[in-house]
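Observations on the model geometry
Read off the chains here:
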Amino acid sequence: MMSLLAKWTRENNELAFNCKQQNDELNRDHNNLFSHRRCSSDFHKLLRKLQGIPPHSDHAQLELSVVYNACVCLTALSHFEEAELLLTQAAHRVLELAGEDRGTSDPSVLWRAALKSVAGTALHRHVLSLLCLQWGIWLAKSCLNPIKEFQEEMSLLERQGGAVWDDCRTEAKEKIPNIPRLVLDPRRLAELLKICTAIVQGAERLNEGWNTLSALQAAAALPAPRALIAYTHLLSGSCLAHMNRPQMALQCFRRALETDPRCACALYQSTLLYRQLGNVQAEIQALRILHSTLLLPPTTEPAPAAGRLLSPSLFLCSQSLGSLLSVPSALSVLHSLALKCVIHDRVSEGVENYLDLLAALRSEDQHGVTANTLTAHAVVSTLPKLPRLYLEAAAALLMARRPADCMALCDEVIGTILDLLPDKVLLEDPEDGSVAESREEREEAESGLVKLLWAAAAYLLLGHCYAQQEDWKQAVTHYTRCFNLLVKVHCKNNAFSPQVSAPDKESNQGVDLCVLQRLKGISLAGRGISFAQMDRLREALRDLHLGLQALPEGVSAGQWCGEVLWRLDRRREAAACWEKTWSHTCPPLAEALPVYAQELQSGPLLDPTELRSRLKELGPL
Amino acid sequence: MEKSSSEDSRRNAHSLSHGGKVVLFTCKPDPGADGSERSGLTFRTFYFEREGNAFVKATEGAAAISRKLAARMDVVTCESALDVQRRVKTPFVLVTKRSEKGGSFQYSLLTLAGSPNRLEPCIEFKLPYQMKGKVRILQGPTVLWCHGNSAFYTSPLAAGVREVPVQTTRWLFGELPIHKGQLFALGLSEPLLTNQPQSTLGYFLELGQVFDGSLILPRPYLCITQCVRVLRADGEGDALRCAVVAATSQKQLVLFENGTVRDTCELPFEQADDVQVVNTGRSGCLLLVLFKQGHVCAVWKETFQIACCWSEVSSAHVGDFLGCGTEQALLLFGGPGFSREPLEKFLITDLCGISYSSGQDSEAPKTSLPPQENSLFTLQALESRLQSGLNVLQELEREVRVKDRVLQQSIQVLAEMLSGREAVLSQPEQEGLVALWDSDEGSDGETLDDKMHETPATSSKPKADKLWHRITGDQLVVGLILSAESGLPASGVSLSLLTEPGQSSPAVIQSRSQVFWLPARGPPTPTLPASSSGRAFSEPAAKRSKRRVAGDDPEARRLAVTAATELAPLLTSGCVKCRAMLHYAEEGEALVPESRPATAVQHCGNVSVDVHDLCQTPLLQNPQIRSDEVREDLLSLLTVLDHWLFRIDSPDYSLGDVDGWIKRREGFKKIEVSPEHLLLDSPGCSAPMLLRWHQINPFQGNLSIHSSQLQMLQFLDSMLTYLPDSCSIQPVKCTTRQSTAEDFASALEKEVLSLREGLSSLLCGKEEEESNKGRTGHEEIQGPGSAEELIRCRREAWQQNVEKSRVRLSPLVDAGRYREMIKSISKVKMDADLAALQQAQMTGQLRC
């Protein structure tokens, strides 16, 4: 008859075997939660049997192995509390076996005592592997202090790891049935924990402003899964970026990508760095790669790390790391890519990107799910509101001389929000209005203003479209509609006059007011130009003057104002007007303001050289 | 004070359930004596009345036990047990009287029998001590108790007090529910030797037989078991099979089946006193665990989960109190006032719909457990049921999958039949197997050709720096270091040995030549050999491998050429002096890629071998030395030892510090003259081992090993434990001395195999036909009539057999198939002949 020990060992070994096998089978469908749960409950049941008798040295190896197996399964399920309870219990029983349980509750004291009591016996490596699990649980719970406290034991574990676990392997190889099997090689666990600890500690210290470069570079040489090695490079890069070494940081990000091509966060960090360096072309390139990387189907988690049982993400849940690993969603990346292209003279590319973005949004609307939620990286959504996206796309289409498409988009925007427009928006001086107005009212006013601006911008773009098609009458109509919407905004405090040139970046309202003012200026200028084209010069002059008043740096308004004056035979004034306009440099498109609130140079243009020659004919003032 | 009085009342008021009634035994104080002395025993029986929701007294009676006044009487215990003589379950009560003088104790077992019930004495016995600890009344009736290290029992049959003939420190009593009824006692056996583990010892009281008690309760549990109940048992003796529940001091209820732990249940209380089984009919069985502090815990037997817990219970009974056919649990609650109003507070329940209670706050929770914990237990029970359901579901799903597959296959076959095609399943497919390989024959030719397009650098006449020789193992290694200026390409260079011209005519000594790069200046480090292995004079240039260590400038490095040969034939043939000849590709000719580069030969010097040179090489003695001798040692080792090169590739898990791991291994020493090589020369191993690890990136590396094959395998095996599981080790190339021999062996093996397979397939076809024929023939031999008939049949059968074996010895086979087989075999044979020829040439050359 088999002894109890042999039976239990066999039960453990069967469970461990099943657990491994199920894990291998189910890993393909990403659905091993259930099998883990089952394994952990089975192991727990076995453990209850084992712990139903007083600790005995014959059973201790098996018992500790079962505790280890049960805790690995519990950890895989993120049931850290239960696992920790089992571990503490096991440590107490180890002490009980040695007859020196003093009932301490401090975990570090407990583990030290447990390790000491088994020093030099075969149980030592079992207790060490349990401590290893405890380490993982500390790590998962972001308790870095006890880990620091046990640094010495961990390194001991690391150092003698090879020899100790080699023994273990050879024992296991001898095919003796009463060697309890483990579901996970403790050495692999230690390896995984070591690199995870290095990464988490690196991120924490980086957050605190320390230089952790050497530690991170040492971590990069550890045996670990690809993705984790990539993280160490990524963190080194971030560290270097903090130390103001952008080129070296970029090298590190590149190495991270070479190591793990799916390391999207490295790409994202590089785009941020390129932006900081002002390298637009590289930034656009990086954004494009980032976007295509994010579109890749989520892999079957490349985590053969700890025998696929424990995913590294279990241990990488520190907050400071999370912020470093966060990556915007594919759509917001696509948006910034499109915007970048449009602003930096790659209009046709930008248009394509915008159209892709809109199509993606539409299909996502239908399916209702984001494809990228499965990725391990935190997804940051910085996507603007839909009407704004439409308007930006429309502006891009206009710039690409596709007025018909542009008009379709603008019509859609107008059709959606026209009914929601407020009759009147009353704005208050943000400095002193806080007392008088309740929060909701202000929010309502703000949202009203935003909608109004969208509608106005849509009309403005329509006006531009007609102007581009030289349908001046229609252009005038739409510019007028735009202007009519804009004058619905009133400022309560007369003294509070919106600053035009410098948008106050801190408050939304500041930006909105700036946009309002610009839209006014541009629409008036557009109408003026249209009038000028229709030879209604007086009205043209009036509108252009008003436009210049609203937006003094308006280039086309200035030029056309001069042109109209010239035609009215007020040549000196015209010359002055031109000179003044030329004294402003034509501002490039900026990211701070919506594209549609900037001068797109889409309308009829005047040839500056021709104007200059005219001026020359006029002679000196 | 209160506690003691309650205990007192408990000691003197005992209750049991019998036949759906509750029987209370009380020792009445003798009216004649003062209040503290008791000598009369009274009993009362109660039955439950549903209408009144109360227990109603049925009978009452008394018995005077002691005629002597002032003899103090106590109830020891009462229990229902099987009366073997009357074959009915009967209530028994054991009372004790202490005689005046002390010293001896009078015990009597009384039974409640007859109608109307009367107390009748059953056994009387005297003991010189008072019974302490647990006393059981089991079937028989048998009274069991322990005293000291011994267990005692008595019964009407046993006639007097008997002692169990084994002594242990701890005893457990129980009965097996088998038809004959077996009373057993379990104890720890004293080990015969001190280091022998203790085992559970069982003793059947009726049979007086010792048995293996671990069939009932495994040893580690014996010491911690507080009470035990056998649920079911069959078989006898050592073939005993039983299911047992035991409550342990580790706060667990454990279910054993045939001596193994089947399930455990954590109990919420300590100090279990008794386990009873409630058979609630269709809802299954409940296990009622009674605890000393008045707690009771009900556990479902099927799920082994806690169903309910109660506290402040004075006693718990099992029986059919309602008379409904199934059993219920009766819990009597009560503190000190118990004896006055005995059955006032009670609960009858089976936890499956039946619940009668009285004297209890209906609002008050029945359990002492916090409700949360209680619901947790319920949840656990539900979960376990759910899980078993899930298992069934999964099994069903698996079955459905199999059926689906079968259906699909049948549909496919049907469809193909309809469309006129015949579905062809290959043999392996039918067996669900996949062919391992498709035979494809060598494509060595191209690679060989490629190697010939090596473009050698310009060269003048090579200049030899130094000629040296070593005896390493059983081989002679002759080495030549060429000066850097000679600038020979490694591909065309080899060294061969000729016998001394003094004897008849110079003959070629069979040797293997290898080429190594050495740096011209600085520390001399032989890098990976751009080696070649081949016979001298047999196309030396054709077999050159074009491996060259990239990155270094070959111009700035020196070449070392070595030739190794077996020492023994050299010595036996008396040749102790030989000439070293350098072969190299001549300039110009080699530039034309199509032509085979013409080789030039140059005599570089003479080597004289002395048998007394067999001394230890300085390298093996101290690898830290940096000298030319050490380097030569290293070169000769590299030449002599078999060489393997492995590419270690771990695509998704970095390799870590492999170098460090190798260095940490015992016995590996760094070689100073070539720091990238590690030397293992442990005294246990026959040959030294040279290792070189070159990491390409964190996920890839090259490992080059110079050693014997066994050592290499051992090393790789130990290395596998270090490397990640997902990594692959691929041999890039290996050079061993036995290559031709191995080729020959494998060719022979192939020949034998193909011969066997061809023949067996040929004969099998034949056999089948034969057996078909045989079967039809045998059908005649049916129903033997007379003896002659029988003999005739036998003879015929025998003749058939003879015929068959004759045919088998010289079988007739199909000519076409035979021809085919012969063709294929001759092809294989030709290959083997070629290999044999090569091998013969080699040995022949060696001989000369």
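Residues numbered from 1 in each chain as written. Chains lettered and ligands numbered in written order. Predicted model: local features only at pLDDT ≥ 70, side-chain atom pairs only at ≥ 80, totals over all residues. Heavy atoms only, no water.

- An unreviewed UniProt entry lists chain B under the name FA complementation group B, with Fundulus heteroclitus as the source organism.

- Under an unreviewed UniProt entry, the name given to chain A is FA complementation group G, and the organism recorded is Fundulus heteroclitus.

With respect to the overall build of chain B
- When helices and strands are counted, chain B shows 13 helices and 42 strands.
- Among the 848 residues that make up chain B, the fraction classed as buried is 44%.
- Counted over contacts in chain B with a minimum sequence separation of 6, partners at least 24 positions apart contribute 53%.
- About 45,200 Å² of surface is accessible on chain B, with carbon and sulfur atoms providing 52% of the total. (Helix = DSSP H or I, 4+ residues; strand = E, 2+ residues; numbered from the N terminus. Buried < 20%, exposed > 50% of the residue type's maximum accessible area, 1.4 Å probe, protein only. Contact = heavy atoms within 4.5 Å. Areas by Shrake-Rupley, 256 points an atom, 1.4 Å probe, with all protein chains shown as cover.)

Brief notes about the confidence of the model for chain A
All names here are of chain A.
- With 84% of its residues at a pLDDT of 70 or more, chain A has an overall mean of 81.
- Under a pLDDT of 50 for its full length, residues 368-380 has, in the predicted model, 23 contacts with residues more than four places off or in other chains.
- In the model, residues 495-506 has pLDDT below 50 throughout and makes 16 contacts with residues more than four positions away in sequence or in other chains. (pLDDT = per-residue confidence, 0-100.)

Overview of the packing of helix H3 (residues 57-76) of chain A against helix H6 (residues 123-140) of chain A
Residue and element names in this part refer to chain A.
- Contact geometry of H3 with H6 gives a least axis separation of 10 Å together with a crossing angle of 15 degrees. Judged by the inter-axis angle, H3 sits roughly parallel to H6. Read as a crossing pair, H3 and H6 show a hand that is left-handed. For the pair H3 and H6, the contacting residues are Ala60, Gln61, Leu64, Ser65, Val67, Tyr68, Cys71, Val72 and Thr75 in the first and Leu123, His126, Val127, Ser129, Leu130, Leu133 and Ile137 in the second.
- Along the lines of polarity and charge, the residues of the contact of H3 with H6 split into eleven nonpolar, five polar and no charged. (Axes fitted to C-alpha atoms, helices over the stretch in contact; angles between N-to-C directions. Parallel < 35°, antiparallel > 145°, perpendicular 65-115°, else oblique. Left-handed = near helix turned anticlockwise from the far one by under 90°. Nonpolar A, V, L, I, M, F, W, Y, C, P; charged D, E, K, R; others polar.)

Observations regarding the UniProt feature "repeat: TPR" (unreviewed entry) in chain A
Residues and elements named next belong to chain A.
- Using the residue numbers shown here, the UniProt feature "repeat: TPR" (unreviewed entry) corresponds to residues 230-263 and 456-489.
- This span, residues 230-263, is 79% helix and 0% strand, and a straight line between its end C-alpha atoms measures 7 Å.
- Its end C-alpha atoms 12 Å apart, residues 456-489 is made of 82% helix and 3% strand. (UniProt positions renumbered as here; feature names shortened; annotations may be inferred.)

Considerations on a nonpolar patch on the surface
- Taken together, the side chains of A:Phe34, B:Leu390, B:Val392, B:Leu393 and B:Leu396 present a nonpolar region at the surface, about 410 Å² in accessible area.
- It is helix H3 (residues 371-418) of chain B that contributes the most residues to the nonpolar patch, four residues altogether.
- Relative to the assigned elements, B:Leu390 resides in helix H3. (Patch = residues over 30% accessible without salt bridge, like charges linked within 9 Å, V, L, I, M, F, W, Y side chains within 5 Å. Salt bridge = Lys/Arg side-chain N within 4 Å of Asp/Glu carboxyl O.)

Quick word on the sheet that holds strand E13 (residues 171-176) of chain B
All names here are of chain B.
- Spatially, E13-E14-E15-E16 is the arrangement adopted by the four strands of the open sheet, whose pairing is antiparallel. The sheet is open, and its two edges are formed by E13 and strand E16 (209-212), each paired on a single side. On average, each strand axis in the sheet is inclined to that of its neighbour by 30 degrees, with strand direction left out of account.
- In this structure, E13 lies alongside strand E14 (residues 182-188), joined through six bridges in antiparallel fashion. Considered in E14, the bridge of Phe173 is made with Ala185. (Pairing = 2+ DSSP bridges.)

Topic: the packing of aromatic side chains
- Scanning the entire structure with this criterion turns up 19 aromatic pairs over all chains.
- Grouping aromatic residues by their ring pairs yields a cluster made of B:Phe48, B:Phe55, B:Phe321, B:Phe346 and B:Tyr356.
- The side chain of A:Arg226 reaches across the aromatic face of B:Phe699, ending 3.7 Å from its centre. (Phe/Tyr/Trp six-rings, centres within 6.5 Å; stacked < 30°, edge-to-face > 60°. Lys NZ or Arg CZ within 6 Å of the ring centre and 35° of its normal.)

Details of the sheet that holds strand E17 (residues 225-234) of chain B
All names here are of chain B.
- An order of E17-E18-E19-E20 is seen for the four strands of this open sheet, with the pairing classed as antiparallel. Lying at the two open borders of the sheet, with one neighbouring strand each, are E17 and strand E20 (260-266). Taking each pair of neighbouring strands and ignoring which way they run, the sheet shows an average axis angle of 15 degrees.
- Pairing analysis gives eight bridges linking E17 to strand E18 (residues 241-248), with the strands arranged antiparallel. Across the sheet, Ala233 pairs through a bridge with Cys242, a residue of E18.

Examining the interface of chain B and chain A
- Between chain B and chain A, the residue contacts involve 38 residues of the former and 33 residues of the latter.
- Buried surface at the junction of chain B and chain A, both sides included, amounts to about 2,900 Å², of which 51% is carbon and sulfur.
- By the criterion of area lost to chain A, the three top residues of chain B are B:Tyr653, B:Phe699 and B:Thr721, representing 22% of everything that side buries.
- Between A:Arg48 and B:Glu266 there is a salt bridge; the shortest N-O distance is 3.8 Å.
- Along the contact surface separating chain B from chain A lie 14 residue pairs in polar contact (both at pLDDT 80 or more). (Buried area = accessible area lost by both parts, 1.4 Å probe. Polar contact = N/O pair within 3.5 Å; in protein donor to acceptor, adjacent residues only side chain to side chain.)

A short note on the environment of B:Ser704
- Locating B:Ser704 in the fold gives a position in strand E41 (residues 700-706).
- Separated by 60 residues in sequence, B:Ser704 and B:Trp644 place their C-alpha atoms 5.7 Å apart.

What to know about the nonpolar core
- One finds A:Leu461, B:Ile216 and B:Tyr221 to be the most contacted residues of the largest nonpolar core, which totals 199 residues.
- The dominant element in this core, judged by the number of residues it contributes, is helix H20 (residues 439-468) of chain A, at 15 residues.
- Once you skip the residues sitting within four places of it in the chain, B:Tyr221 turns out to touch A:Leu4, A:Trp8, A:Lys49, A:Gly52, A:Ile53, B:Thr248, B:Val254, B:Phe256 and B:Val261. (Core = buried A, V, L, I, M, F, W, Y, C linked by side-chain atoms within 4.5 Å.)

Re the pairing of strand E11 (residues 150-154) of chain B
Residue and element names in this part refer to chain B.
- Of all five residues making up E11, five are buried, and the element is well covered by its neighbours.
- Because side chains alternate across E11, one face comprises the buried residues Ser150, Phe152 and Thr154, and the other comprises Ala151 and Tyr153, equally buried.
- Of the strand pairs in this sheet, strand E10 (residues 142-147) and E11 are connected by five bridges, and their pairing is antiparallel. Among the inter-strand pairings, Val143 is bridged to a residue of E11, identified as Thr154.
- Between E10 and E11, which pair antiparallel in sequence order, lie two residues; one of them, Gly148, sits at a positive phi of approximately 65 degrees.
- Two elements, E11 and strand E12 (residues 162-163), share two bridges in a ladder whose sense is antiparallel. Residue Tyr153 lies in a different strand from E12, and its bridge partner there is Arg162.

Describing unusual backbone geometry
- The omega torsion of the bond from B:Gly140 to B:Pro141 falls at -5 degrees, within 30 degrees of zero and hence cis.
- Within the secondary structure, B:Pro141 sits in the loop between strand E9 (136-138) and E10.
- Positive phi outside glycine occurs at A:Ser142, with the angle close to 60 degrees.
- With respect to the element layout, A:Ser142 can be found in the loop between H6 and helix H7 (144-149).
- Positive phi, close to 60 degrees, is recorded for B:Lys251, a residue that is not glycine.
- Mapped onto the fold, B:Lys251 is located in the loop between E18 and strand E19 (252-257).

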